[in-house]
Amino acid sequence: QALDSSSAMAPAMEDSREGERPQVPYSLEVASYAEIFQEGEPYLLDLFAATCWDAGETPTVETARQFWEHVRAQNPSPLPPPGAVMAAASPPGDAERSAGVRSGTAASLRPSTPRRPTKPWSSEDRLSFRSLRFGAAAASCLALQLKGRNVTRIDLGNNQLGDNAAAAIASLIHALPKLKSLLLAGNILGPAGVKEIATSELESNETLEHLALGEPKRQRPNYVTTEGLQALLLSLARNARRKIASLELSCTALRADAGKALADFLETDSVLTSLDVSGNCFTSEGISTLLPACAKLKRLDIAETSCRGELIHAKLCDLLQKTEALAELSIAFNLLEPRPLRRIARALSSCAPLLTLNMASTGMETEGVIALADGLVNSQVSNLRDLDISENNISEIEAAVHVAKIIAQTKLQSLRLNRNPLGDAGVCELADALGSEPCPPLHSLELGSCRVAHLGASMMFMALRENPMLLTLRLSDNLLDDMLDITLIEALHHIQQLHLDSNRLSHRKLSKIAELCARNRHRVRTKEPRALGKQIKSLLPQEAMLKQHKLQAAKDSAEVFVRVSAQSIAGEELRQLRLGMMKSAKQTEQKIATLEATLLQRRDYLDSIKDALAETARACEIEIAEKTEVLMQKENQLSDLQARVTDLEAQLARRRAQHPKLLAEIREEISAALPKTEELKAQEEEMRRELKALQDKSLIGFKP
């Protein structure tokens, strides 16, 4: 299936990109290369074809073999080298299916060599494809072939992806549901590519935890610039469920104005804990703007950012005093003058969470070393474990003495002093500190390019004979030759790593020293198990006796527990019985008191009822007498009314007899008045006419 996609992809790519690249015969017999990748994943052949297309090269067997070797070196596995003949062969049909033969494609694939199913060549969760000249086609192929896999880390650094591959990178992130770490340093990505990746995928991604867009000293760095950084931070701010806690922006062409963008983002963000902006020209202005917002970070790298100590020391000291999380800090390759360095040293000694400090090439010299040593030695809260003060021109004996104080009187476990001209005198001071009592806890010491000769090396080796703590010593690129006494190294039974490369030592002595270190490592690996085995054997009888005693103690404890439990149960029952009796007596007393109070209330109520009845009887008698008197008055009134009714009835009878006569008289009067009415009407009309005539005559209007 994977070979089908490569054979089908080749002609489509030729058609779509014809004229942009030299004509490449991708229609070769791609199946002939399958034998090289037969021990790897099937998609590697597709990936090789896409890489050749990105590079504009004709695929050859040699380039395919080199590609496989590079991939296998970055993703090691115990499988045999490519081209090895397999002992068992798969059925004939499997070979044809694995070759993916399809008719009508640009590459007519022949069946590959039969092979048995094997375990994938790489670990399931970590993949590395560095420096393989990947482009957009290779990134698209990875996104297609790795879709849905449980890959948690993928390294695509130092390729040639560019902005054209931004969409493919976003597709790759989307295709890997468990991806936590993505490395894209050295791919010539610009602000447009970074913006496309951020807006299309990082605004919604919920699994990615580490994003590396830069690494120190890249030949082809990513030119993210402030524009690309602002787009990236805006997308991260919009994603409320993001998990990106580590952001590496080393050598990405950031300038001073990027400090404001990062500071604004860090002020409101609580997810990001690691930030690397080394190798960018932030200047003191940008770093001073950034430092106050870094109090929540656990790791901060501002190395080689063109800042100066006299301009940033106030902000840096405030950060070191306020932070409760910063465990790793790098301010290397920046010029820190002696005066501000004293303030920085005091602030470093009071920063409890700081564990790792890199101050390489900061111009410390003797005065700075003295200030740092005094601060660390006199500090009560410093927990510094790893210190790098390489390349600081530390050459005076006084500086070496104070470095020896740091070794002997602090909890430092790793110290790097590379490229400081300490000489034999300075190394002798360090040797005295390592040989002192109590033994300092230093595990690793690097003295590369420190002008150490035989005297200093011999003193160091003699001091380390009784020092079981120092495990790694680096003396590379010094002034040692075959005059070095090898017996001093043979007496070191605790050193596990001794680096003496780039000296004038013969290969035989270097091999002997490597064998001695290997012997020490083997002894350390086997010594503890053997000692534990002996101790286990001596403890077996005691363990048996201990088991018996434990068993008897368990029995005794069980019996004691049973008796104590029974006693506790009986005591509890007695207590409950007493409580029940007391409660019952109390309830009885309360009940009696309640009944007596109720009886008294009822007696009082009965007396009040009797008084009320007597009062009511007296009131009823008075009311009966009053009502009787009123009744007699009403009876008298009734008798009077009956008499009046009799008189009225007689009067009504008389009026009924007189009524017709009165009615006839009234009608006669009406009949007599009617003729007079007509006469009056005629007189009225006459008077109106006369009035009208008078009005006309006098021309006077009587109407208003």
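About the criteria used
Residue positions are given per chain, counted from 1 along the sequence in the order it is written. At least 70 in pLDDT is required for a residue's local features to be given in this predicted model, at least 80 for side-chain atom pairs to be given and counted, and no such filter applies to totals for whole chains, interfaces and linings, which use all residues. To obtain the side-chain values, all non-hydrogen atoms of the structure were used and water was disregarded. Helix numbering and strand numbering both begin at the N terminus, where a helix is a DSSP run of H or I of at least 4 residues and a strand a DSSP run of E of at least 2. Burial status follows relative accessibility: with a 1.4 Å probe on protein chains alone, a residue under 20% of its type maximum counts as buried, one over 50% as exposed, and anything between as partly exposed. The Shrake-Rupley method, run with a 1.4 Å probe, gives the accessible areas here. Residue values count only the displayed protein chains as cover. Here a strand pair is declared whenever DSSP counts at least two bridges between the two strands. A crossover gets the label right-handed when its path from the first strand over the helix to the second runs clockwise, viewed with the strands pointing away from the viewer. Per residue, pLDDT captures the predictor's confidence, and it can take any value from 0 to 100. Residue contacts are counted whenever heavy atoms from the two residues lie within 4.5 Å of one another. Axis definition: a line fitted to C-alpha atoms, over the contacting stretch in the case of helices. Angles run 0 to 180 degrees between N-to-C directions. Should the near helix be turned anticlockwise from the far one by less than a right angle, the crossing is left-handed, and should it be turned clockwise, the crossing is right-handed. The residue classification treats Ala, Val, Leu, Ile, Met, Phe, Trp, Tyr, Cys and Pro as nonpolar and Asp, Glu, Lys and Arg as charged. All others, Gly included, are polar. Stacked, tilted and edge-to-face pairs are distinguished by plane angle, under 30 degrees for stacked and over 60 for edge-to-face with tilted covering the rest, among Phe, Tyr and Trp rings (Trp via its six-membered ring) whose centres lie within 6.5 Å. Within this document, salt bridges are pairs made up of a side-chain nitrogen of Lys or Arg and a carboxyl oxygen of Asp or Glu, the two lying within 4 Å of each other. Any angle from 65 to 115 degrees is called roughly perpendicular, while one under 35 is roughly parallel, one over 145 is roughly antiparallel, and all others are oblique. A helix is expected to reach a length of 1.5 Å times the quantity of its residues less one. Between N or O atoms, a polar contact is any pair within 3.5 Å; within protein, one atom must be a potential hydrogen donor and the other a potential acceptor, and residues adjacent in sequence are included only when both atoms are from side chains. Surface patches are defined over residues having more than 30% relative accessible area and no salt bridge, joining like charges when they lie within 9 Å and nonpolar side chains (Val, Leu, Ile, Met, Phe, Trp, Tyr) when within 5 Å.

Peer 1: Talk me through the overall build of the chain; I want residue IDs and the actual numbers.
Peer 2: Per the secondary structure count, the chain includes 18 helices and 14 strands. For the chain, buried positions account for 39% of its 704 residues. Per element, the accessible surface of the chain, about 39800 Å² overall, is 56% carbon and sulfur.

Peer 1: I'd love a proper account of the pairing of strand S5 (residues 246-249), names of residues and values included.
Peer 2: Covered by surrounding structure in S5 are Ser246 and Glu248 together with Leu247 and Leu249, the residues of both alternating faces. Direction of pairing for strand S4 (residues 210-214) relative to S5: parallel, over a ladder of 4 bridges. Bridging from a neighbouring strand, Gly214 pairs with Leu249 of S5. Since S5 and strand S6 (residues 274-276) lie parallel, the crossover through helix H9 (residues 257-268) that links them has a hand, and here it is right-handed.

Peer 1: Describe the confidence of the model for the chain, naming the residues involved and giving the relevant values.
Peer 2: Chain-level pLDDT for the chain is 83 on average; 87% of the residues reach the 70-or-more range. The low-confidence segment residues 1-28 (pLDDT under 50) makes 57 contacts with residues lying over four places distant or belonging to another chain. Low pLDDT, under 50, characterises residues 78-123; the predicted model gives this stretch 82 contacts beyond four residues in sequence or across chains.

Peer 1: Which residues make up the packing of helix H2 (residues 43-55) against helix H3 (residues 61-74), and what values go with them?
Peer 2: At a minimum axis separation of 11 Å, H2 and H3 run at an interaxial angle of 115°. The two elements H2 and H3 meet at a crossing, and its hand is right-handed. The segment H2 lies against H3, with Leu44, Leu47, Phe48 and Thr51 engaging Thr63, Ala64, Phe67, Trp68 and Val71. The class makeup of the residues in the contact of H2 with H3 is 7 nonpolar, 2 polar and no charged.

Peer 1: Tell me what's going on with the packing of aromatic side chains, and back it up with residues and numbers.
Peer 2: Taken as a whole and judged by the stated rule, the model has 3 aromatic pairs. With a centroid separation of 5.6 Å and an interplanar angle of 50°, the aromatic rings of Phe48 and Phe67 are classed as tilted. Residue Phe48 is located in helix H2, and its partner Phe67 is located in helix H3; the two are separated by 19 residues in the primary sequence. Here the two residues Phe48 and Phe67 agree in accessibility, since each one is buried. Judged by centre distance (6.5 Å) and plane angle (35°), the ring pair of Phe67 and Phe134 falls under tilted. Of this pair, Phe67 sits in helix H3 while Phe134 sits in the loop between strand S1 (126-128) and helix H5 (136-145), placing them 67 residues apart in sequence.

Peer 1: Pulling in residues and values, what's your account of the pattern of salt bridges?
Peer 2: Taken as a whole and judged by the stated rule, the model has 21 salt bridges. Across the salt bridge formed by Arg416 and Asp388, the nearest N and O atoms sit 3.3 Å from each other. Taken together, the residues span a long stretch of sequence, with Arg416 in strand S11 (residues 414-416) and Asp388 in strand S10 (residues 386-388) at a distance of 28 residues. Here Arg416 and Asp388 have matching classes, each one buried. With a shortest N-O distance of 2.5 Å, Glu572 and Arg575 are connected by a salt bridge. Residue Glu572 and its partner Arg575 are located together in helix H18 (residues 507-698), separated by 3 residues, close to a single helical turn. According to the relative accessible area criterion, Glu572 is partly exposed, its value standing at 34%. Overall, the relative accessible area of 42% leaves Arg575 in the partly exposed class.

Peer 1: Go over the packing of helix H13 (residues 365-378) against helix H14 (residues 397-409) with me, naming the residues and quoting the values.
Peer 2: Between H13 and H14, the least distance of the axes is 9 Å, while the angle of their chain directions is 20°. Our classification of the angle between H13 and H14 gives roughly parallel. Between H13 and H14 lies a crossing of left-handed hand. Along its contact with H13, which presents Thr366, Val369, Ile370, Ala373, Asp374, Leu376 and Val377, the element H14 presents Glu398, Ala399, His402, Val403, Lys405, Ile406 and Gln409. Tallied by class, the residues present in the contact of H13 with H14 amount to 8 nonpolar, 3 polar and 3 charged.

Peer 1: Can you tell me about H3, naming the residues and giving the values?
Peer 2: Here H3 spans 20 Å end to end across 14 residues, near enough to the 20 Å set by a 1.5 Å rise per residue. Against the buried residues of H3 lie H2.

Peer 1: Give me the environment of Ser449: which residues, what numbers.
Peer 2: Here Ser449 is to be found in the loop between strand S12 (444-446) and helix H16 (454-463). Note on Ser449: relative accessible area 24%, which makes it partly exposed. With 30 residues separating them along the chain, Ser449 and Leu479 place their C-alpha atoms 8.6 Å apart. Residues in contact with Ser449, not counting those within four places in the same chain, are Arg419, Asn420, Ser476, Asp477 and Asn478. Here the side chain of Ser449 touches Asp477 through a polar contact of 2.7 Å, side chain to side chain.

Peer 1: Give me the lowdown on a nonpolar patch on the surface, citing residues and values where you can.
Peer 2: Where nonpolar side chains cluster on the molecular surface, the patch consists of Leu532, Ile536 and Leu540 and spans about 270 Å² of accessible area. You can see Leu540 is positioned in helix H18.

Peer 1: I'd love a proper account of the environment of Val401, names of residues and values included.
Peer 2: Mapped onto the fold, Val401 is located in helix H14. Overall, the relative accessible area of 30% leaves Val401 in the partly exposed class. A C-alpha to C-alpha distance of 7.4 Å links Val401 and Leu430, two positions 29 residues apart in sequence.

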